[in-house]
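What follows is each chain in one-letter form.
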Amino acid sequence: MIPTQRVILGAGLAILLIITAASIGLDVKSRSDAAWVNHTIDALKKISDLRVLMRRAESAARGYELYRSPAFSDEFQGSRVQIAPALAELKRAVRDNPDQVMLMEGTESLALRRIEIAAEAMRLRAENDLAGIAALQSKAEGRGLMDTVMANLDRLTAEEERLLAARSSDSRRSGIVLLGIDVAGAVLILLLFVLLMRESRRATVQLQSSLHESQAAKEVLEAAVAERTEHLVAAHDELRLSVNVLQSTFHSMAEAVLVIDSEGNVLLSNPAAERILLHRAGMNLSNLRALSDVFHGDGVTPLRADELPSARVLRGEQFEELEMIVRPHSGNPPRHLMISGRPMRDGHGEISGAVLVYHDATASRETERQLQQSQKLDAIGKLTGGVAHDFNNMLTVISGNTETLVSSLKEQPELQRVARLIDDAAERCAELIQHLLAFARKQPLQPRNVEINAAVADIAKLLRPTLGEQIEIETVLEQGPMTSHIDPSRLTNAVLNMAINARDAMPNGGKLLFEAHHMELDEAYAQANPDVRPGPYVMLAVSDTGTGMPAEIQQKAFEPFFTTKEVGKGSGLGLSMVYGFVKQSGGHIKIYSEEGHGTTIKLYLPPGEGTADVAASAGPQAEGGAETIFVVEDDALVRNFVTAQLQSLGYRTIAAADSRAALQMIEAGEPFDLLFTDVVIPGGMSGRELAEKVATLRPGLKVLYTSGYTDNAIVHHGKLDDGVMLLTKPYRRNQLAEMIRKALNGSGMEA
């Protein structure tokens, strides 16, 4: 190799080494910058996750305070257990920044304290500790803690966003410099190649080997340039794909999005804005507001101009889920909207516009209203069931003794008449209690396959003389077999109650229509009615041409003791009994009514399988016996009454006040033929649990249950468990005799 070539090659290699070293250093820095950018993004995500957990916990705590729903308690506990780990992860994420670490340590104690206060409030609310709740609320500590935590998280977010901007800028600069160095290296290699080629012409023979080396270097360079070009093309394709994805996402969003400038002009909108907000191209916010009346979330208080989301966000406020109701002037249904807003700022920090996101919560709010109504009725039902238990105990004693008085006062007609009045009043009380239990879904049903067409036809015949000539009765029944698995006697009572209500709504006469059809309730209907399971039903509708009901009356129609009739004209238990019967049968009930045009009540009943069952015929009146009956009853009055009645029927009796005393007597070897036990008894075991325990001691022993109301011990899915015999309170002497005899003769359950 000639000296000139050595000089050129040496200088070129030296420069190339310098460029390579610089390139490697910048590549390392570029990777480090990218790592820091990812680290900062991860920290921002952890801040956002913590913010969501705190909001979710606070929302669940408020929901529990309003509705006492276990679902809100579960949601709160689920969020609570995640908050401490989220705080720890966030502390680790910001450990490279001492100021952030210090701020995070202060925030951690405040956040945990806020959650402790919310948990304490929920505990006090669950225990109904009003004094504790008042004391806790008087401190007003929770809201201040939550605001401070959110403010600290905002400061953390702002600092991380600043770091993200700085690190992203550094990363971009490193990439640009690295690309420049790569290009400079490529140019230098090309220049070296040109110089070497010129020198090689002078000494072709001596520099042939150098030519081959240069050719190889050229190929390497071309491969490197091709690879870099390929990377740039791929990056460009990825950028274009990202833009397309963002555009597709924006246009397919279910939420309406408006991007506005500082004057309220709409710069950008998506198709959902046209559907939800009625926005059209070229409209500004003033045009949009002129289309509707806007109210606060209560639907009554109008929103002032300075309270509108656009006005607030252009003042620099940012908010989540601002609630408002929009009533279009066009007559379209009102919409319940939840709005989030963020101001946009220019390079000088001035507000240049805003982004508003509108979520249509109309359907979810209606579902929530229906769910609240269902929960309200369930709560009333639970209260009713407990009260009915005690009333039935007392009525058992009253009705049983008055029955004895009536029969024993034959020689004293005046006193017998008084006793019969008491007996009639007790019977009326028992009927009212049964209606309450029907609403509470605590009545023991005896379902069987009932032919609906035949049942409706029989009821219509019964109603014609009852309703009078001014009421025209029509039936529209689907042809062919149509059975439903229900209790036929409860169905008859339900239809009679609805027919009587229809008659009262038509004081001047009208038409009463019965319809029955097979019906399929689909997923869409089930989503709009949370208590419905999709599937086949038998639909029985009762329609009248009466006065109808406004919406506010329809919402209360199923509540017990609610009535629009005059005092003394109705108890307010008719529709509540129908509601409880349908729900307990596994069905669904719906009211459709319009003032001045009439009302339709539709019962969606569970379908039956096969042909209708034949009703059992009544047996002969039961007599007494000489067997021994073990009575377990906690109410002393009822216990004394039952033992006296059984003894009058010839039976020998043993009695116990609770399950513990009964079990001790049985374990001691006390002989008896039938266990007659209340379902709900003290002593650590229910009547069902006592019977199951006795079964291990005396296999084959027969059991008869009694109760003022049913519970899950012996009733599941609205019907008595197979093989279980139940005598419901209050009962008469002949009913007691009949059921005792059936149980002893082997018709009842063997323990």
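Described in the following lines is the structure provided in the data block. (Residues numbered from 1 in each chain as written. Predicted model: local features only at pLDDT ≥ 70, side-chain atom pairs only at ≥ 80, totals over all residues. Heavy atoms only, no water.)

### A short note on the overall build of the protein chain
Point 1. Scanning the protein chain for helices and strands turns up 20 helices and 21 strands.
Point 2. Within the span of the protein chain, comprising 751 residues, buried residues form 42% of the whole.
Point 3. Within the protein chain, contacts between residues at least 6 apart in sequence are counted, and of these 69% link residues at least 24 apart.
Point 4. Accessible surface for the protein chain amounts to roughly 39,800 Å². Of this, 56% is attributable to carbon and sulfur atoms. (Helix = DSSP H or I, 4+ residues; strand = E, 2+ residues; numbered from the N terminus. Buried < 20%, exposed > 50% of the residue type's maximum accessible area, 1.4 Å probe, protein only. Contact = heavy atoms within 4.5 Å. Areas by Shrake-Rupley, 256 points an atom, 1.4 Å probe, with all protein chains shown as cover.)

### Some remarks on the nonpolar core
Nonpolar side chains tend toward joint burial in soluble globular proteins.
Point 1. Of all hydrophobic cores here, the largest spans 39 residues; its most connected members are Leu-491, Leu-512 and Leu-603.
Point 2. The set of elements that each furnish at least two residues to this core consists of helix H12 (452–467), strand S8 (471–477), helix H13 (488–504), strand S10 (510–521), strand S11 (535–544), helix H16 (574–584), strand S12 (588–594) and strand S13 (598–605).
Point 3. In terms of residue count, H12 provides more of this core than any other element does, 7 residues in total.
Point 4. Residues within four places of Leu-491 in sequence aside, it is in contact with Ile-452, Ala-455, Ile-486, Leu-540, Phe-581 and Leu-605.
Point 5. The next biggest cluster of nonpolar side chains, apart from the first, holds 26 residues, and it includes Leu-50, Ile-83, Ala-86 and Met-104. (Core = buried A, V, L, I, M, F, W, Y, C linked by side-chain atoms within 4.5 Å.)

### A look at empty space enclosed by the protein
Point 1. Going through the model one piece at a time under the given rule, you end up with 2 cavities of 30 Å³ or more.
Point 2. The calculated volume of the second largest cavity comes to roughly 40 Å³.
Point 3. Lining the second largest cavity are Val-631, Val-632, Glu-633, Val-638, Val-642, Phe-676, Thr-677, Asp-678, Thr-706, Lys-729 and Tyr-731. (1 Å grid on protein atoms, 1.4 Å probe; cavity = no way out; pocket = protein on both sides within 12 Å on 5 of 7 lines; lining within 4 Å. Points joined across faces, edges and corners; volume = space filled by probe spheres on them.)

### Describing the pattern of salt bridges
Point 1. For the structure shown, the criterion picks out 23 salt bridges.
Point 2. Salt-bridge contacts for Asp-360 lead to Arg-335; the nearest nitrogen and oxygen are separated by 2.3 Å. Pair noted here: Asp-360 is in strand S6 (residues 351–360) and Arg-335 is in strand S5 (residues 335–345), with a separation of 25 residues, a long-range link.
Point 3. Among the charged side chains, a salt-bridge network with shared partners connects Arg-55, Glu-58, Arg-62 and Arg-114. (Salt bridge = Lys/Arg side-chain N within 4 Å of Asp/Glu carboxyl O.)

### Some points on helix H4 (residues 130–139)
Point 1. Along H4, the positions that sit buried rather than exposed are Gly-132, Ile-133 and Leu-136. Axial view of H4: buried residues confined to an arc of 100 degrees, hence all on one face. Turned more than 90 degrees from where H4 packs its buried face, Leu-130, Ala-131 and Ser-138 sit exposed.
Point 2. Buried residues along H4 sit in contact with helix H3 (98–126).
Point 3. Where H4 terminates, the next one or two residues include Ala-140, which has phi positive at roughly 50 degrees. (Arc of directions from axis to C-beta.)

### Concerning the environment of Gly-106
Point 1. Structurally, Gly-106 can be placed in helix H3.
Point 2. Looking at Gly-106, the relative accessible area reads 32%, which means it is partly exposed.

### Notes on the packing of aromatic side chains
Point 1. In total, this model carries 3 aromatic pairs according to the counting rule given.
Point 2. Residues Tyr-525 and Tyr-604 carry aromatic rings whose centres are separated by 6.3 Å and whose planes lie at 50 degrees to one another, so their mutual orientation is tilted. One end of the pair, Tyr-525, is in helix H14 (residues 523–528); the other, Tyr-604, is in strand S13, and 79 residues separate them in sequence. The burial state of Tyr-525 is the same as that of Tyr-604; both residues are buried.
Point 3. On the basis of an interplanar angle of 85 degrees and a centroid distance of 6.4 Å, the ring pair of Tyr-537 and Tyr-604 is categorised as edge-to-face. Here Tyr-537 is found in strand S11, whereas its partner Tyr-604 is found in strand S13, with 67 residues between them in sequence. (Phe/Tyr/Trp six-rings, centres within 6.5 Å; stacked < 30°, edge-to-face > 60°.)

### Topic: the sheet that holds S13
Point 1. Here 5 strands make up an open sheet; going across it, the order is S8-S10-S11-S13-S12 and the pairing mixed. Two strands lie at the open edges of the sheet, namely S8 and S12, each paired on one side alone. Pairwise comparison of adjacent strand axes, ignoring direction, gives a mean angle of 15 degrees for this sheet.
Point 2. Two elements, S12 and S13, share 7 bridges in a ladder whose sense is antiparallel. Paired with Ile-589 across the two strands is Leu-603, which belongs to S13. (Pairing = 2+ DSSP bridges. Axes fitted to C-alpha atoms, helices over the stretch in contact; angles between N-to-C directions.)

### Notes on the packing of H12 against H13
Point 1. Relative orientation of the contacting elements H12 and H13 amounts to 40 degrees, with a least axis distance of 11 Å. The pairing of H12 with H13 is recorded here as oblique in orientation. Crossing handedness for the pair H12 and H13: right-handed. Contact with H12, carried on its side by Ile-452, Ala-455, Ile-459, Leu-462, Leu-463, Thr-466 and Leu-467, involves Leu-491, Thr-492, Val-495, Leu-496, Ala-499 and Arg-503 of H13 and no other residues of that element.
Point 2. The residue makeup of the contact of H12 with H13, split by class, is 10 nonpolar, 2 polar and 1 charged. (Parallel < 35°, antiparallel > 145°, perpendicular 65-115°, else oblique. Left-handed = near helix turned anticlockwise from the far one by under 90°. Nonpolar A, V, L, I, M, F, W, Y, C, P; charged D, E, K, R; others polar.)

### Structural notes on a nonpolar patch on the surface
Point 1. Where nonpolar side chains cluster on the molecular surface, the patch consists of Leu-179, Val-183, Val-187 and Leu-191 and spans about 320 Å² of accessible area.
Point 2. Following the sequence through the fold, Leu-179 ends up in helix H5 (residues 141–202).
Point 3. Given the relative accessible area of 34%, Leu-179 is considered partly exposed. (Patch = residues over 30% accessible without salt bridge, like charges linked within 9 Å, V, L, I, M, F, W, Y side chains within 5 Å.)

### A short note on the sheet that holds strand S2 (residues 266–269)
Point 1. Spatially, the 6 strands line up as an open sheet ordered S2-S1-S6-S5-S4-S3, and their pairing is antiparallel. Every other strand in the sheet has two partners, leaving S2 and strand S3 (292–296) as the edge strands with one partner each. Taken pair by pair, the neighbouring strands of this sheet meet at an average axis angle of 30 degrees, ignoring direction.

### Thoughts on the packing of helix H17 (residues 636–648) against helix H20 (residues 733–744)
Point 1. Viewed as axis vectors pointing N to C, H17 and H20 meet at an angle of 70 degrees, and their least axial separation amounts to 11 Å. Relative to H20, the element H17 lies roughly perpendicular. Taking contact as the criterion, the partners of Gln-645, Leu-646 and Ser-648 in H17 are, on H20, Arg-733, Leu-736 and Ile-740.
Point 2. Considering only residue class, the contact of H17 with H20 consists of 3 nonpolar, 2 polar and 1 charged.

### With respect to the pairing of strand S4 (residues 319–328)
Point 1. The sheet contact formed by S3 and S4 spans 5 bridges and is antiparallel. The residue of S4 that forms the bridge with Ser-292 is Pro-328.
Point 2. Note: S4 against S5, 6 bridges, orientation antiparallel. Residue Val-326 lies in a different strand from S5, and its bridge partner there is Arg-335.
Point 3. In this antiparallel pair of consecutive strands, S4 and S5, the connection spans 6 residues, and Gly-331 shows a positive phi of 95 degrees.

Keep in mind these values describe shape, not function.
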